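Chain residues, written in single-letter form:
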Amino acid sequence: MTNASMAPHVTAVTVTEAWLEAARTLLSIPDHRATHMMVHIAEPTREDPGTRRDVDHLMDDQNYQSVETIANTIFPRALAASSRDHTHLAQRYAAMYPVLQKRWRRNKFGTYFGRITAYPTADGPVDQLAAVINHLVIENRTSNPKTARFETTFAVPGRDDPTEDVAGFTDVDGKAVAIFEPGQDRNRAMAFPCLSHCSFQLGRDGRVHALAHYRSQYLLQRAYGNYLGLGRLLDYVATTAGLRTGELTVVAGYVQLEAAVTAVRRLAAQPSPQA
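Computed from a prediction, not measured in an experiment: that's the story for all the values here. (Residues numbered from 1 in each chain as written. Predicted model: local features only at pLDDT ≥ 70, side-chain atom pairs only at ≥ 80, totals over all residues. Heavy atoms only, no water.)

**Some details on the packing of helix α3 (residues 67-74) against helix α8 (residues 219-240)**
Turning to step 1, where the next piece is worked out: Axis separation between α3 and α8 bottoms out at 7 Å; the angle between their running directions is 45 degrees. Regarding the angle of α3 to α8, the classification is oblique. In the packing of α3 onto α8, the handedness of the crossing is right-handed. Where α3 approaches α8, its residues Val 67, Glu 68, Ile 70, Ala 71, Asn 72 and Ile 74 are matched on the opposing element by Gln 221, Arg 222, Tyr 224, Gly 225, Asn 226, Leu 228, Gly 229, Leu 230, Arg 232 and Leu 233. (Axes fitted to C-alpha atoms, helices over the stretch in contact; angles between N-to-C directions. Helix = DSSP H or I, 4+ residues; strand = E, 2+ residues; numbered from the N terminus. Parallel < 35°, antiparallel > 145°, perpendicular 65-115°, else oblique. Left-handed = near helix turned anticlockwise from the far one by under 90°. Contact = heavy atoms within 4.5 Å.)

Below, the structure is given as structure tokens:
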């Protein structure tokens, strides 16, 4: 007998469709929780504006941050669009980082984009994203490019081992384990991050794909913004390297629909927007 709460798999074309299908999957499970959920998005920068507004309204009712705010913690699209190049973007983000951390409580321990462009090590910050982009450029110039040497990590082992999410929800899924580490670890416990790892794969067709791993994820509070931010990050990496944007896969070790179940059910009951 299969267990519906174990390793559910969602396949969708757009970010909007992916979130709706993930919601329907969790709604079909009695306690609205699942382990090892995989969400695959074929076009991870596309979304339906109407459904996005509906999701934002549900989030606002719960005093959650907006979809755009959450997406920006992964990739600051407007800042990138006004930057000359990646070095300029990383420098500008580093300059504003202390303000971001001080102004918004959820950013106290940092943001995902801050972590991947200035990963803390004993030898100083490491810009993982610059390394990924450079490796993609180099590999794409070779006659037989490698497909999987492009890694970024967010969690520092021994330092990012939370037992409770900052929103107050109990975290039962275990600890984040960083597979790839660009520098030496430091010891400090904190709730951030839930996103622990992201890898990029170069396809033979010149498209760049991404695989992201969350140790834990809240569907209403974070997931839509997570999907959108990761899709934009993937698009940035691919286009900056002179390549095409591919597909996004997001794996959550533990995921739950944590609030507004009735309202989410009404929204999920509507037909998915046409891709």
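**Description of the pairing of strand β7 (residues 244-256)**
Turning to step 1, where the next piece is worked out: Where burial is concerned, most of β7 is hidden: 10 out of the 13 residues are buried.
Turning to step 2, where the next piece is worked out: Bridge count between strand β2 (residues 33-41) and β7: 8 bridges; the pairing is antiparallel. Looking across to β7, one finds that Arg 33 is bridged to Gln 256.
Turning to step 3, where the next piece is worked out: As judged from the 2 bridges shared by strand β6 (residues 217-218) and β7, these two strands associate in the parallel manner. Counterpart to Tyr 218 in the pairing with β7 is Gln 256. (Buried < 20%, exposed > 50% of the residue type's maximum accessible area, 1.4 Å probe, protein only. Pairing = 2+ DSSP bridges.)

**Some remarks on the pairing of strand β5 (residues 207-214)**
Turning to step 1, where the next piece is worked out: Bridge count for strand β4 (residues 195-202) against β5 is 7 bridges, and the pairing is antiparallel. In the strand pairing of β5, Cys 198 is matched with Ala 212.
Turning to step 2, where the next piece is worked out: If you look at the hairpin formed by β4 and β5, you'll find 4 residues sitting between the two strands, and Gly 206 has a positive phi there, around 85 degrees.
Turning to step 3, where the next piece is worked out: Pairing of β5 with β7 involves 7 bridges; the strand directions are parallel. The residue bridging Tyr 214 from the neighbouring strand is Ala 252, located in β7.

**Section: the nonpolar core**
Generally speaking, nonpolar side chains in soluble globular proteins are found buried as a group.
Turning to step 1, where the next piece is worked out: Among the nonpolar cores identified, the biggest contains 70 residues, and Trp 19, Phe 200, Leu 220, Tyr 227 and Leu 230 are the most heavily contacted of them.
Turning to step 2, where the next piece is worked out: Top element by residues in this core is α8. It accounts for 12 residues.
Turning to step 3, where the next piece is worked out: Filtering out sequence-adjacent residues up to four positions away, Tyr 227 remains in contact with Val 15, Ala 18, Trp 19, Ala 22, Val 39, Ile 41, Pro 44, Gln 217, Leu 248 and Val 250. (Core = buried A, V, L, I, M, F, W, Y, C linked by side-chain atoms within 4.5 Å.)

**Details of helix α7 (residues 128-140)**
Turning to step 1, where the next piece is worked out: For α7, which comprises 13 residues, the first-to-last C-alpha distance of 18 Å matches the rise-based estimate of 18 Å (1.5 Å per residue) to within 8%.
Turning to step 2, where the next piece is worked out: Within α7, the full set of buried residues consists of Gln 128, Leu 129, Val 132, Ile 133, Leu 136 and Glu 139. Around the axis of α7, the buried residues are gathered within 135 degrees of arc, so they sit on the same side.
Turning to step 3, where the next piece is worked out: Two or three places before Leu 129, at the start of α7, stands the capping residue Asp 127, its side-chain oxygen 3.2 Å from that residue's backbone nitrogen. (Expected span 1.5 Å × (residues − 1). Arc of directions from axis to C-beta. Polar contact = N/O pair within 3.5 Å; in protein donor to acceptor, adjacent residues only side chain to side chain.)

**A closer look at the packing of aromatic side chains**
Turning to step 1, where the next piece is worked out: Summed over the entire model, instances satisfying the criterion amount to 5 aromatic pairs.
Turning to step 2, where the next piece is worked out: Between Phe 75 and Phe 113, the ring centres sit 5.8 Å apart and the planes meet at 80 degrees, which makes this aromatic pair edge-to-face. Of this pair, Phe 75 sits in the loop between α3 and α4 (77-81) while Phe 113 sits in helix α6 (residues 112-117), and the two are 38 residues apart along the sequence.
Turning to step 3, where the next piece is worked out: Of the residues examined, Phe 113 reaches a relative accessible area of 0% and is grouped as buried. (Phe/Tyr/Trp six-rings, centres within 6.5 Å; stacked < 30°, edge-to-face > 60°.)

Scope: geometric values only; no functional claims are made or implied.
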